[in-house]
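Structure at a glance
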Amino acid sequence: MTPAARAKAAIDILDRVIEAAKGQGAPADRIVAEWAKANRYAGSKDRRAVRELVYDAIRHCGEVPVSGRAAMLALVAQDDTLANLFDGSQYGPEPIAEGEPVAQAGIAPGWLVERLAASGIEGEEAAALMGRAPLDIRVNTLRAERDAIDLPEPGEHLAAPNALRFDAGTQVDQWSAYREGRIEVQDHGSQMACLAAAVRAGETVVDLCAGAGGKTLALAAAMENRGRLIASDTDRRRLSQLGPRAQRAGATIIEERLLDPGREMDTLGELAGQADCVLIDAPCSGVGTWRRKPEAKWRLTPERLARFAGVQDDLLTLGARLVKPGGRLVFVTCSLLDEEGAARIAAFLASHEGWRADAPQLPLGRERGAGMRLSPFHDGTDGFFVARAHLPC
């Protein structure tokens with residue numbers, strides 16, 4: 001592919017990404033992958049170059065662009081050498097015309113920038129949300145030890161006791177250590193959230209929003225495969241991914257529970273007042289994951305944000321019903337917005353008599369309300385809010 005053809009391909013992909021964002025369609029990485037599959041003539045260098053142009057444009061644009069071409073022209077405004085790609089060649093973009101729409105540069109749509117600023121995220125800390133994430137792994141202590149594991153690359157030791165960091169794009173899924181379950185891909189911030197749960201061998205633990213089970217596997221390892229660990233979720237497809245992962249990791253204490261939305265206690269009823277710990281990795285806006293999914297900033301609306309907050313309140317109430325006296329409730333969101341963090345745990349504590357804040361002591365993060373907040377700028381992790389509440393005996 002010529003450089004101009006790569007630019008045209010990026011524009012076409014951006015058109016699809018923009019439409020998908022407006023209609024809550026496929027994520028950008030899937031759209032890029034589908035393009036690569038449908039255009040097998042593109043070599044690996046071509047695919048990499050097109051992907052970089054797409055993601056550079058997404059990261060550079062604040063408001064939702066009117067088109068993929070407008071998004072690419074925003075990059076031209078930043079780097080005028082890119083104007084040469086608009087050469088009107090057979091497979092390239094048409095030449096730039098005077099007065100064409102150019103997307104607005106920025107971190108996110110204006111209303112969202114205001115919400116971030118109100119939550120104390122602005123300037124360099126906000127800009128860091130549009131950076132590029134490294135690749136973090138967790139050494140699975142059911143099968144290996146961080147200081148003794150033999151990997152093709154050594155990795156950087158991080159603050160979490162089993163965390164290693166590699167450059168983005170490192171193909172750890174091709175390593176024998178991955179295939180044999182000795183390592184799992186897991187962001188350092190996610191590992192910190194699991195540390196906050198402070199689970200121990202022999203406990204009864206509920207991972208209420210387990211999804212595909214990344215945190216569940218970390219909890220099983222921390223529990224040394226002793227005790228009872230219930231992984232529940234309302235998403236059948238995601239929960240179905242946990243079984244094979246658990247088998248590979250050697251995590252044998254996990255019980256899967258598929259929940260019926262609105263009727264969760266029908267499935268979890270016998271656990272009422274029985275759990276030592278309930279982890280709620282709640283559905284949220286995903287603001288903290290923008291380094292990996294930058295187009296998510298175009299999917300969020302004030303109405304969707306309010307719905308997420310309502311779901312989070314409901315999950316906290318549900319989780320509290322499962323905790324026994326002396327137990328703990330751990331609330332996690334991959335968001336930096338107070339509406340999905342400090343405000344939610346504050347509302348929970350105000351409406352649930354007897355519960356007390358028990359802020360986790362983590363090696364990274366900063367206090368935010370009754371919890372801790374991790375951010376790409378300060379901690380090099382995805383953005384997370386982590387809080388813990390205790391029910392006295």
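Just so we're clear, the structure is a prediction, and the values are computed from it rather than from any experiment.

Observations regarding the packing of aromatic side chains
Under the defined criterion, the tally for this structure stands at 3 aromatic pairs. Seen in terms of ring centroids, phenylalanine 331 and phenylalanine 385 are 6.5 Å apart; in terms of plane orientation they differ by 65 degrees. Their pairing is edge-to-face. In this pair, phenylalanine 331 sits in strand β9 (residues 323-333) while phenylalanine 385 sits in strand β13 (residues 384-390), placing the two residues 54 residues apart along the sequence. For phenylalanine 385, a relative accessible area of 2% corresponds to the buried category. The lysine or arginine in question, arginine 248, covers the ring of tyrosine 178, its NZ or CZ lying 4.7 Å from the ring centre.

Some thoughts on empty space enclosed by the protein
Throughout the structure, instances matching the rule amount to 1 cavity of 30 Å³ or more. Approximately 30 Å³ is the volume found for the largest cavity. For the largest cavity, the full set of lining residues is Ser335, Leu336, Leu337, Asp338, Gly341, Ala342, Arg368, Arg373 and Phe385. Here the residues of the lining of the largest cavity are counted per class, giving 4 nonpolar, 2 polar and 3 charged.

Examining helix α9 (residues 214-222)
With 7 of its 9 residues buried, α9 lies for the most part within the structure. A positive backbone phi angle near 55 degrees is found at glutamate 224, which sits one or two residues after α9.

Things to note about the sheet that holds strand β2 (residues 156-157)
Pairing within the open sheet is antiparallel, and its 4 strands lie in the order β2-β3-β1-β4. Edge strands, defined here as strands with exactly one partner in the open sheet, are β2 and β4 (183-185).

A closer look at the UniProt feature "active site" (unreviewed entry) in the chain
As recorded in UniProt, the feature "active site" (unreviewed entry) lies at Cys334. Looking at the element boundaries, cysteine 334 is found in the loop between β9 and α14 (342-351). The buried category is assigned to cysteine 334, whose relative accessible area is 18%. Beyond its immediate chain neighbours, meaning those up to four positions away, cysteine 334 contacts Cys284, Gly286, Val287, Gly288, Thr289, Gly383 and Phe384.

Describing the UniProt feature "domain: SAM-dependent MTase RsmB/NOP-type" (unreviewed entry) in the chain
According to UniProt, the feature "domain: SAM-dependent MTase RsmB/NOP-type" (unreviewed entry) maps to residues 102-392 in the numbering used here. Taken end to end, residues 102-392 is 30% helix and 22% strand, and its first and last C-alpha atoms sit 58 Å apart.

Thoughts on the state of the cysteines
Per the stated rule, a full pass over the model turns up 0 disulfides. Of all cysteine sulfurs, the one in cysteine 277 lies closest to cysteine 194, which takes part in no disulfide; the gap is 10.0 Å. No disulfide involves cysteine 284; its nearest neighbouring cysteine sulfur is the one of cysteine 334, lying 3.4 Å away.

Let's talk about the side chain of arginine 344
Looking at where arginine 344 falls in the secondary structure, it is placed in helix α14. Within polar-contact distance, the side chain of arginine 344 engages the side chain of aspartate 313 at 2.7 Å. Leave out the neighbours within four places in its chain, and arginine 344 touches Ala309, Gln312, Asp313, Leu316, Phe331, Asp338 and Glu339.

Section: the nonpolar core
Within the largest apolar cluster, 35 residues are counted, with the highest numbers of intra-cluster contacts made by Ile13, Val54 and Met72. Elements supplying a minimum of two residues to this core: α1 (3-22), α2 (28-38), α3 (44-60) and α4 (68-78). Counting residues per element, this core draws most heavily on α1, at 10 residues. Those residues in contact with valine 54 that sit more than four places away from it in its chain are Ala10, Ile13, Leu14 and Val32. Counting 34 residues, the second-largest nonpolar core is a separate cluster that includes Ala163, Ala249, Val332 and Leu362.

What counts, and where the lines are drawn
Residues numbered from 1 in each chain as written. Predicted model: local features only at pLDDT ≥ 70, side-chain atom pairs only at ≥ 80, totals over all residues. Heavy atoms only, no water. Phe/Tyr/Trp six-rings, centres within 6.5 Å; stacked < 30°, edge-to-face > 60°. Helix = DSSP H or I, 4+ residues; strand = E, 2+ residues; numbered from the N terminus. Buried < 20%, exposed > 50% of the residue type's maximum accessible area, 1.4 Å probe, protein only. Lys NZ or Arg CZ within 6 Å of the ring centre and 35° of its normal. 1 Å grid on protein atoms, 1.4 Å probe; cavity = no way out; pocket = protein on both sides within 12 Å on 5 of 7 lines; lining within 4 Å. Points joined across faces, edges and corners; volume = space filled by probe spheres on them. Nonpolar A, V, L, I, M, F, W, Y, C, P; charged D, E, K, R; others polar. Pairing = 2+ DSSP bridges. UniProt positions renumbered as here; feature names shortened; annotations may be inferred. Contact = heavy atoms within 4.5 Å. Disulfide = S-S within 2.5 Å. Polar contact = N/O pair within 3.5 Å; in protein donor to acceptor, adjacent residues only side chain to side chain. Core = buried A, V, L, I, M, F, W, Y, C linked by side-chain atoms within 4.5 Å.

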